[in-house]
Amino acid sequence: MQKLILIIEDEKPIVDILKFNLERENYKVIYALDGESGLSMALSKAPDLILLDVMLPGMDGFDVCRRVREKSRVPILMLTARDEELDKVLGLEMGADDYITKPFGVRELMARVKAHLRRLDKDEVKTDQIIRFGDFCILCDRYEITRDGEVVELTLREFELIKFLAQQPGRIFTRENLLEQVWGYEYFGEVRTVDVTIRRLREKIEENPAEPRYIITKRGVGYYLKAD
């Protein structure tokens, strides 16, 4: 089935470039030139992926991302005009799955789009697998994690990350490994994406995120899930 991609970007020349390249790869493309219209389309058109600019007239990209995340787990790839750490971290905090800095190479952006959509297709393969660690239970077919029967609210990427680590407890993964295995693309240098997602996960599942019990950092190497 043809995938639907929503572009929310106020610079029409950039929209035209993205639309041309996406349609060449047989994606269906719709777009909005401001945040409010983009939010409306994101919630009404059910796109398979959203390319979301940060700097938008009216409602900015961070607010759009936050509002979409209240209703949907659709992959969101944020486009940041500045190479500033704060913009990137804030986008991830709002629930974005990834980000790329302008000016960007079309080949790199397309590679990331394809990777996220491949991951989406893989996630749609249902499984009744249940993974347990500590007080938690990962219900793979429902994309949920519970603690003592109570659902812990995670984004899709957070869920995929904890599921991946829990499937191989005790095994240490570098940030590059996690980008490839969980985000689904080869290393482009954005390892901060992994660090921020790990921090968000710790805040949601650890009693004391500063002294984690489950998601452990192997200094200078990467992360692993501590086996009970």
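See the structure shown above.
Because the structure is predicted, anything quoted here is derived from the model rather than measured.

Caption draft 1: Local environment of the packing of helix α2 (residues 35-44) against helix α3 (residues 61-69). Between α2 and α3, whose axes approach to 10 Å, the crossing angle comes to 20°. In terms of their interaxial angle, α2 and α3 are classed as roughly parallel. Where α2 crosses over α3, the two elements pack in a sense that is right-handed. Touching Gly35, Leu39, Ala42 and Leu43 of α2 are Val64, Arg67 and Val68, all from α3.

Caption draft 2: Examining the nonpolar core more closely. The biggest cluster of nonpolar side chains holds 30 residues, and the ones touching the most others in it are Phe133, Ile138, Ile162, Leu178 and Ile215. Elements supplying a minimum of two residues to this core: β6 (130-133), β7 (136-139), α6 (156-167), α7 (175-183), α8 (192-205) and β12 (222-225). With seven residues, the top contributor of residues to this core is α6. Those residues in contact with isoleucine 215 that sit more than four places away from it in its chain are Ile162, Leu165, Ile198, Leu201, Arg202, Ile205, Glu206, Tyr224 and Leu225.

Caption draft 3: The packing of α7 against α8, seen in detail. Where α7 meets α8, the axes come as close as 9 Å, and the angle between the chain directions of the two elements is 80°. The pairing of α7 with α8 is recorded here as roughly perpendicular in orientation. Seen from α7, the contacting residues are Arg175, Leu178, Leu179 and Trp183; seen from α8, they are Thr193, Val194, Asp195 and Thr197. Grouping the amino acids of the contact of α7 with α8 by side-chain chemistry returns four nonpolar, two polar and two charged.

Caption draft 4: Quick peek at the side chain of arginine 202. Relative to the helices and strands, arginine 202 resides in helix α8. Of note is the side chain of arginine 202, whose polar atom sits 2.7 Å from the side chain of threonine 217. Setting aside anything within four residues of it in sequence, one finds arginine 202 in contact with Pro209, Pro212, Ile215, Ile216, Thr217 and Tyr223.

Caption draft 5: Main features of the sheet that holds β7. Here four strands make up an open sheet; going across it, the order is β6-β7-β8-β9 and the pairing antiparallel. Here the strands that pair on one side only, and so sit at the sheet edges, are β6 and β9 (150-152). Averaged over all adjacent pairs, the angle separating strand axes in this sheet is 30°, with direction ignored. Pairing of β6 with β7 involves four bridges; the strand directions are antiparallel. Within β7, the position partnered with isoleucine 130 by the bridge is leucine 139.

Caption draft 6: Here's a closer look at the packing of aromatic side chains. All told, the structure shown has five aromatic pairs when counted by the stated rule. With a centroid separation of 5.4 Å and 85° between ring planes, the pair formed by phenylalanine 136 and tyrosine 214 is classed as edge-to-face. With phenylalanine 136 in strand β7 and tyrosine 214 in the loop between α8 and β11 (215-218), this residue pair connects regions lying 78 residues apart in the sequence. You can call tyrosine 214 buried: its relative accessible area is 1%. When the ring of phenylalanine 164 is compared with that of phenylalanine 173, the centres are 4.8 Å apart and the planes differ by 55°; the resulting orientation is tilted. Take phenylalanine 164 and phenylalanine 173: they sit in the same class, and that class is buried. In this structure an aromatic cluster arises from ring pairing among Phe133, Phe136 and Tyr214.

Each value, and the rule that gives it
Residues numbered from 1 in each chain as written. Predicted model: local features only at pLDDT ≥ 70, side-chain atom pairs only at ≥ 80, totals over all residues. Heavy atoms only, no water. Axes fitted to C-alpha atoms, helices over the stretch in contact; angles between N-to-C directions. Helix = DSSP H or I, 4+ residues; strand = E, 2+ residues; numbered from the N terminus. Parallel < 35°, antiparallel > 145°, perpendicular 65-115°, else oblique. Left-handed = near helix turned anticlockwise from the far one by under 90°. Contact = heavy atoms within 4.5 Å. Core = buried A, V, L, I, M, F, W, Y, C linked by side-chain atoms within 4.5 Å. Buried < 20%, exposed > 50% of the residue type's maximum accessible area, 1.4 Å probe, protein only. Nonpolar A, V, L, I, M, F, W, Y, C, P; charged D, E, K, R; others polar. Polar contact = N/O pair within 3.5 Å; in protein donor to acceptor, adjacent residues only side chain to side chain. Pairing = 2+ DSSP bridges. Phe/Tyr/Trp six-rings, centres within 6.5 Å; stacked < 30°, edge-to-face > 60°.

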